[in-house]
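What the coordinates show
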Amino acid sequence: MPPLSPLTPSSSPSSRAWVVVALRAAGCVFAEDEAELLLAAARTPDELAALVDRRIAGEPLELVVGWAEFRGLRIAVEPGVFVPRRRTEFLVEQALAHVPGAGVVVDLCCGSGAVGAALAAALGSVELHAADIDPAAVRCARRNILGAGGQVHTGDLFEALPGDLRGRVDILAANVPYVPTDEIGLLPAEARDHEPLVALDGGSDGLDLLRRVASEAPGWLAPGGCLLIETSERQAPTAVEAFTRAGLRTRPAVSEEGYANVVIGTSPQARPTATPCPTESRP
């Protein structure tokens, strides 16, 4: 799309109305809501024009304004970092339902650190670790979880984590990439063109990283600890098999309302836990 010409007082008697019209013309379905966020983020008319230009050129709104809402938190995001999806809130809800008294939490493939930040906010005092292979994601995650006393590590999956976490992790949340390589080109342009490939590409069937995480997770989980990974409805049966082969007590959880599928694996050396929550959609 062509960039929006700069907004100036003379060309825009009503900045909000001008922005709404520009966003609607670009195909933004929620133009009024987006206009409010862009107006709040801009300090000057020229800055507003630049933000609107970026949005109508197809950049995700969250990257334009610099934050995404996730379980009531304002999560800082920046260009080159995966934007947390609202459907992933279901993973957080499942983690809290299974281990409500968790003391040690790991957010693996953390991206912005949204999952770890949300878990820490809900649990209160917790030992929180997050890790990602992408240095840009690590920098962003530090902005979001340092306030909760969390630590962020750089590296490939478990290689990034301190060794003394082995056998102590109560919640291991791993929002790994799960888009099959051949389907990357079918993603919406906002994801395909503006988010890092390393956060999207899950290999030939989308489950390469899920298998790696599942195979190593039992050595890191505390007795009764849970591994939770988001996947698609189509991939869930294969993901369940991978968890089961790793020796985890496994079940899928589904939120029809949130279009979310999470596979949950519990360490077999179980300790007493709360009654498992239903596998179907949340109320």
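Counting restarts for each chain: residues are numbered from 1 in the order of the written sequence. Reporting in this predicted model follows two pLDDT cut-offs: at least 70 for local features of residues, and 80 or more for side-chain atom pairs to be given and counted; totals over whole chains, interfaces and linings ignore these cut-offs and use all residues. To obtain the side-chain values, all non-hydrogen atoms of the structure were used and water was disregarded.

Let us now look at the overall build of the chain. Each helix and strand counted, the chain has ten helices and nine strands in total. Here the chain holds 283 residues, and the buried ones make up 52% of them. Two residues qualify as a contact provided that any one of their heavy atoms is within 4.5 Å of a heavy atom in the partner residue. For the chain, contacts bridging at least 24 residues in sequence account for 63% of all contacts bridging at least 6. Residue-level accessible areas treat just the shown protein chains as cover; the underlying method is Shrake-Rupley with a 1.4 Å probe. Summing over all exposed atoms, the chain offers an accessible surface of approximately 12,700 Å²; the carbon and sulfur share of this is 55%. Think of it this way: any DSSP run of H or I at least four residues long counts as a helix, any run of E at least two long counts as a strand, and we number them from the N terminus. In this scheme, a residue with accessible area under 20% of its type's maximum is buried, one over 50% is exposed, and one in between is partly exposed, where area comes from a 1.4 Å probe on protein chains only.

This part takes up the confidence of the model for the chain. Values of pLDDT, the confidence the predictor places in each residue, fall between 0 and 100. Confidence in the prediction for the chain averages 88 pLDDT; 90% of positions are at 70 or higher. Taken together, the stretch residues 1-11 has pLDDT below 50 and engages in 22 contacts with residues farther than four places along the chain or on a different chain. For residues 271-283, every residue scores under 50 in pLDDT, and the model assigns this stretch 30 contacts once sequence neighbours within four places are set aside.

Right, let's get into the packing of aromatic side chains. We call Phe, Tyr and Trp rings a pair once their centres come within 6.5 Å, taking the six-membered ring for Trp, and we label the pair stacked below 30 degrees between planes, edge-to-face above 60, and tilted otherwise. In the structure shown here, the tally under the stated rule is one aromatic pair. Ring centres of F158 and W220 lie 5.4 Å apart, and the angle between their planes is 20 degrees; this geometry places the pair in the stacked category. Of this pair, F158 sits in the loop between strand 5 (151-154) and strand 6 (169-174) while W220 sits in the loop between helix 9 (208-216) and strand 7 (221-231), placing them 62 residues apart in sequence. For the pair F158 and W220, one class covers both residues: buried. By the criterion adopted, a ring carries a charge over it if an Arg CZ or a Lys NZ lies within 6 Å of its centre and within 35 degrees of its normal. Just above the ring of W67 sits the side chain of R74; from NZ or CZ to the centre is 3.8 Å.

Attention now goes to the nonpolar core. The criterion is simple. A nonpolar core is a set of buried Ala, Val, Leu, Ile, Met, Phe, Trp, Tyr and Cys residues joined through side-chain atoms within 4.5 Å. Ranked by size, the top nonpolar core spans 33 residues in total, and within it V105, L119, L123, I171 and L228 carry the most contacts. Listed by contribution, the elements that provide at least two residues to this core are helix 5 (89-98), helix 6 (114-123), strand 4 (127-132), helix 7 (135-145), strand 6, strand 7 and strand 9 (260-266). Among the elements that make up this core, the one with the highest residue count is helix 6 (seven residues). If near-sequence neighbours (up to four positions away) are discounted, L119 is found in contact with V92, A95, L96, V105, I171 and A173. Membership of the second largest hydrophobic core comes to 28 residues, among which are V104, F158, V169 and L172.

Our next topic: the environment of R74. Along the chain, R74 falls in strand 2 (residues 73-76). R74 gets classed as exposed once you look at its relative accessible area, which sits at 60%. With 43 residues separating them along the chain, R74 and A117 place their C-alpha atoms 9.9 Å apart. In this structure R74 touches W67, A68 and N144, once residues within four positions along its chain are discounted.

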